[in-house]
Amino acid sequence: MEKLSYDVLIKRRSIRNFKKDPVPEELLEKLFEICRWAPTARNSQSYYFIVIKNREIIKFLSEIREPAKPIGNAPMAVAICSDPQKSKRYIQDGCIAAYHFMLAAFCLGLGTCWIADMDRNEVKEKLGIPYEHYVATVTPLGFPEYIPSPPPRKEAKEFYKVIE
């Protein structure tokens, strides 16, 4: 079921437990059709995605960094990367593309979880990513086993200040 309101921003959750059902190819195609519209510096479109279905590689990725167990719990993972030769702001481009991906996945009924600290040489080697490229995240992807309750949040006024 597609969600088309600000609820997407409020209700998206990090998913750490997934159903074993594979993500259908047509749903993946729809996801990447949405993702190609992620903003980038000067429209460089420096980001790209690597879809990982190989269970051995998923196991490697889930074990390389603790706690990255959500990757091992999912039927697949996606590395979201960017190319520094295409943009001076490739790190920002990659991170924006990753967040765009996560929101798009949620809109399509899929779950993701930001896994930090995956910009590592051993990850790049395993996935065939050039060493100079940036890995914003490797996120698990699949249908959520359940949607967790929202964690406690600070009040909005605690996040900003006004300078007049």
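Predicted model only: the values in this text are computed from it and were never measured.

What counts as what
- Counting starts from 1 at the beginning of each chain's written sequence and moves along it residue by residue.
- Reporting of local features is limited, given that this is a predicted model, to residues whose pLDDT is at least 70; pairs of side-chain atoms are given and counted only at 80 or more, and all residues count toward the totals for whole chains, interfaces and linings.
- Water and hydrogen atoms play no part in the side-chain values, which are based on all heavy atoms of the structure.
- Think of it this way: any DSSP run of H or I at least four residues long counts as a helix, any run of E at least two long counts as a strand, and we number them from the N terminus.
- Working definition: with a 1.4 Å probe on protein chains only, accessible area under 20% of the residue-type maximum means buried, over 50% means exposed, and in between means partly exposed.
- Whenever a nitrogen or oxygen atom comes within 3.5 Å of another N or O atom, the pair is scored as a polar contact, on the condition that within protein one atom can donate a hydrogen and the other can accept it, and that pairs from neighbouring residues in sequence are kept only if both atoms are in side chains.
- Contacts were defined at the residue level, with two residues in contact if any of their heavy atoms lie within 4.5 Å.
- Comment: axis = line fitted to C-alpha atoms, over the contacting stretch for helices; angle = value between 0 and 180 degrees taken between N-to-C directions.
- Orientation labels follow simple angle bins: below 35 degrees gives roughly parallel, above 145 gives roughly antiparallel, 65 to 115 gives roughly perpendicular, and whatever is left gives oblique.
- Two helices crossing with the near one rotated counterclockwise from the far one by less than a right angle form a left-handed crossing, whereas a clockwise rotation gives a right-handed crossing.
- Gly falls in the polar group here, along with every residue not listed as nonpolar (Ala, Val, Leu, Ile, Met, Phe, Trp, Tyr, Cys, Pro) or charged (Asp, Glu, Lys, Arg).

Draft legend 1. Molecular detail of the side chain of histidine 133. Along the chain, histidine 133 turns up in the loop between α6 (121-127) and β3 (134-141). Residue histidine 133 is classed as buried on the basis of its relative accessible area of 9%. Within the local environment of histidine 133, its side chain forms a polar contact with the side chain of aspartate 83, the two groups lying 3.4 Å apart. Excluding residues that lie within four positions of it along the chain, histidine 133 makes contacts with Tyr48, Ser82, Asp83, Pro84, Asp119 and Lys124.

Draft legend 2. Broad picture of the side chain of lysine 124. Inspection of the secondary structure puts lysine 124 in helix α6. Residue lysine 124 is classed as buried on the basis of its relative accessible area of 4%.

Draft legend 3. Focus on the packing of helix α2 (residues 25-35) against helix α5 (residues 90-107). Between α2 and α5, the shortest axis-to-axis distance is 9 Å and the interhelical angle comes to 135°. Classified by the interaxial angle, the pair formed by α2 and α5 is oblique. Of the two possible hands of crossing, α2 and α5 adopt the one that is right-handed. Of α5, the residues touching α2 (which contributes Leu31, Phe32, Ile34 and Cys35) are His100, Phe101, Ala104 and Ala105. Among the residues making up the contact of α2 with α5, the classes are represented as 7 nonpolar, 1 polar and no charged.

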